[in-house]
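Letter by letter, the chains look like this.
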Amino acid sequence: MKKIILITGATSGFGKASAEKFASEGWNLIITGRREERLTDLAKKLTKKYAVEILPLVFDVRDRDATITLLSKLPAKWTKIDVLLNNAGLALGTEPFESADIDNWDTMINTNIKGTLYVSKAVIPFFIKNKKGHIINITSTAAKNVYPGGNVYCASKQALDAITQAQRIDLLQYGIKVTSIAPGAAETEFSDIRFKGDKKKADAVYKGYQPLSAEDVANTIFYCATLPKHVCINDLVITCTAQANSLFINKK
Ligand code: NDP
Ligand code: 8X3
């Protein structure tokens, strides 16, 4: 029987690259995001290329009712999820605390923390019933060090780091694995979103060094997801070689 991974935020970046990686390895996928056309195009492409089954689900992880209702009413065969990849998330702005936009804060908190909680809350009952499961939460190097202008983004990822640790303790009795993967700078649509389409600012983030690619992170996620049953990576930090942590990047 093919394994199943549920990937949130599969319309772009790490989520999309993970969809391709897991499909190429013969996994069936549940892929989610808000941009319906991207999601259905990806589902069509990967189904044809890898002969796997894909269930695309369009919802906003901030919408508690939609998230819980859609996921808890999955068709029976899709409830045999092996891995939940909590990846949907974003940063908005790099303004210091005193001038930062409160709406940006709300969006980051509602997406990165509350959205991830809602998705996990809906999927964990399947894991408990199936007596197996693995939650992989995409945190960030921002969960490890706070950097200037990172205020609430860093806080949201540190909260997710704490939630990951708590899930690992609470779900221990069920044999459910819980992993945090904390990537450093990776060139995806992340900075386009952060700077609201300001291409110059977004491109500048990745100038002067070779950042991680979405595929680098997807390969790492796949590695963590395919270890033997008795082995769990609890906390993995991955950066490009030019980056030491949130604060130090060796730019030429
Ligand atoms: P992208 O912007 O390329 O992808 C983000 C994904 O999240 C999209 O598929 C988007 O889908 C989805 N998403 C965002 N908001 C929502 C929402 N409200 N509801 C549902 N889906 C949503 O960024 P990355 O791939 O880089 O980011 C993925 C994760 O990795 C994020 O959690 C980010 O914080 C984290 N991260 C990124 C790093 C980087 O440098 N790129 C480094 C460390 C961590 P859609 O818009 O269609 O809803
Ligand atoms: C995304 C990378 O450096 O902007 O989590 O925090 S960073």
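One structure accompanies this document, and this report is about it. (Residues numbered from 1 in each chain as written. Chains lettered and ligands numbered in written order. Predicted model: local features only at pLDDT ≥ 70, side-chain atom pairs only at ≥ 80, totals over all residues. Heavy atoms only, no water.)

This brings us to a negative patch on the surface. The grouping of E95, D101, D103 and D106 at the surface amounts to a negative patch. Inspection of the secondary structure puts D101 in the loop between strand 4 (83-86) and helix 4 (102-130). (Patch = residues over 30% accessible without salt bridge, like charges linked within 9 Å, V, L, I, M, F, W, Y side chains within 5 Å. Areas by Shrake-Rupley, 256 points an atom, 1.4 Å probe, with all protein chains shown as cover. Salt bridge = Lys/Arg side-chain N within 4 Å of Asp/Glu carboxyl O. Lys, Arg positive; Asp, Glu negative; His and termini not counted. Charge placed at Lys NZ, Arg CZ, Asp CG, Glu CD. Helix = DSSP H or I, 4+ residues; strand = E, 2+ residues; numbered from the N terminus.)

Looking now at the site of ligand 1. The environment of ligand 1 is formed by 30 residues, the closest being T11, S12, R34, Y153 and T188. Note that an oxygen atom of ligand 1 is positioned 2.7 Å from one of the side-chain N or O atoms of T11. Between ligand 1 and the protein, one listed contact pairs an oxygen atom with a side-chain N or O atom of S12 at 2.5 Å. For ligand 1, whose free accessible area comes to 870 Å², the fraction covered by protein is 97%. Looking at the shell around ligand 1, the elements that each hand over two or more residues are helix 1 (13-24), helix 5 (151-170) and helix 6 (190-194). Of the residues belonging to the shell around ligand 1, the class tally is 12 nonpolar, 12 polar and 6 charged. (Near = heavy atom within 4 Å. Polar contact = N/O pair within 3.5 Å; in protein donor to acceptor, adjacent residues only side chain to side chain. Nonpolar A, V, L, I, M, F, W, Y, C, P; charged D, E, K, R; others polar.)

It is worth spelling out helix 5 at this point. Because each turn of an α-helix spans 3.6 residues, side chains separated by three or four positions in sequence point in the same direction. In this model helix 5 runs 28 Å from its N-terminal to its C-terminal C-alpha over 20 residues, within 8% of the 28 Å that 1.5 Å per residue would give. In the core, the buried residues of helix 5 are packed alongside helix 4, strand 5 (134-138), strand 6 (177-183), helix 6 and strand 7 (235-238). (Expected span 1.5 Å × (residues − 1). Contact = heavy atoms within 4.5 Å.)

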